[in-house]
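Take a look at the letters that make up each chain.
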Amino acid sequence: MNPTLQVTFCGRTYECRQLLERLQAEGVVRLPALRPLGGKGPRRVDLSQPRLDPEPVACAARECEPLELALVEGPAESRLWREHVERYHYLGCRVPFGANLRYWVRSRDRELACLLWTSPAWKMQARDAWIGWNNEQRRRHLQSIVNNGRFLVLPWVRVKGLASKILALSARQLPHDWQTRYGHRPLLLETLVDAIRFRGTCYRAANWIYVGQTTGRGRMDREHKSHGQAIKDIYVYPLVRDARRHLCGDPTR
């Protein structure tokens, strides 16, 4: 008889949970039923009273430099960051599942943008074909990818070319911050762009690579119930030379 495991997960053990779920699917272990800790569906942020928008920021991108990419710290900052994303991002602010980092983008102590980086999508056909890995290689190296889950330039910030500068700064700073928080350095960034709403111009300007489109299932649609809905463009950004070779490699060699 398969053993029954009683496991308590903390917020930073996504990889352990993913491994145990895989072992259960293969019949190696039997996990206890999930406890109902909240309502169904992604948790959303409750908004406080409406806020007055700050004075517009309208200038050349160079006038915002140097930009600061600052991790969100403390409950007050966290609350404000979540409210901004819930109010002004078309997808709102869902509490992320798995590893994640949240950032403010500031210029002279003034917030210009909000960023969220998260664990990657488990499977995306176009991305996986671009990398060229098989299922075992993907299982082994998936956590070397980080997903740009939210990118919000605040609506009162009207600075042409700012978004691509933020992406370039993120590509330089995120690998160090991710390694400090989670103990491994990412090799590749990915993001999904709703092509009906956006052209992906800032990603292209920051040298991200378009690799194809999603099937529209979504990150958590394991039962294939949402095929063809919300199809998005997939962009990737290699953080190291020969990123694809590293993602397909054998770590024991």
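Residues numbered from 1 in each chain as written. Predicted model: local features only at pLDDT ≥ 70, side-chain atom pairs only at ≥ 80, totals over all residues. Heavy atoms only, no water.

Peer 1: Go over the pattern of salt bridges with me, naming the residues and quoting the values.
Peer 2: Pairs can form between side chains of opposite charge whenever their charged atoms are close. Counting across every chain of the model gives 12 salt bridges. The partner of Glu83 in a salt bridge is Arg79, with the nearest N and O atoms 2.9 Å apart. With a gap of four residues between them, Glu83 and Arg79 both fall in helix 2 (residues 74–88), about one helical turn apart. What makes Glu83 buried here is its relative accessible area of 1%. For Arg79, a relative accessible area of 34% gives the class partly exposed. Among the ionic contacts, a cluster of salt bridges with common partners joins Arg127, Asp128, Arg138 and Glu190. (Salt bridge = Lys/Arg side-chain N within 4 Å of Asp/Glu carboxyl O. Helix = DSSP H or I, 4+ residues; strand = E, 2+ residues; numbered from the N terminus. Buried < 20%, exposed > 50% of the residue type's maximum accessible area, 1.4 Å probe, protein only.)

Peer 1: Describe the side chain of Lys232, naming the residues involved and giving the relevant values.
Peer 2: Here Lys232 shows up in the loop between strand 6 (209–213) and strand 7 (233–238). As a buried residue without a salt bridge, Lys232 has its nearest oppositely charged side chain in Asp194, at a separation of 5.6 Å. Sequence-distant contacts of Lys232, that is, excluding residues within four places in its chain, are made with Tyr90, Leu91, Leu192, Val193, Asp194, Gly212, Gln213 and Thr214. (Lys, Arg positive; Asp, Glu negative; His and termini not counted. Contact = heavy atoms within 4.5 Å.)

Peer 1: Describe the sheet that holds strand 7, listing the residues and the values that go with them.
Peer 2: One open sheet holds the seven strands; their spatial order is 1-2-3-4-5-7-6, and the pairing between them is mixed. Only two strands of the sheet have a single partner each, and these edge strands are strand 1 (68–71) and strand 6. Averaged over neighbouring strand pairs, the angle between their axes works out to 30° when direction is ignored. Both strand 3 (residues 110–118) and strand 4 (residues 145–153) contribute to a ladder of six bridges, which runs antiparallel. Note that in strand 4 the partner of Thr118 across the bridge is Asn147. Contacts between helix 2 and the sheet are confined to strand 1, strand 2 (100–107), strand 3 and strand 4, with strand 2 contributing the most and set at about 85° to the helix. Lying on the sheet, helix 5 (residues 162–182) is in contact with strand 1, strand 2, strand 3, strand 4, strand 5 (188–193) and strand 7; it crosses strand 2 at an angle near 135°. (Pairing = 2+ DSSP bridges. Axes fitted to C-alpha atoms, helices over the stretch in contact; angles between N-to-C directions.)

All quantities given are derived from atomic positions and should not be read as evidence of function.
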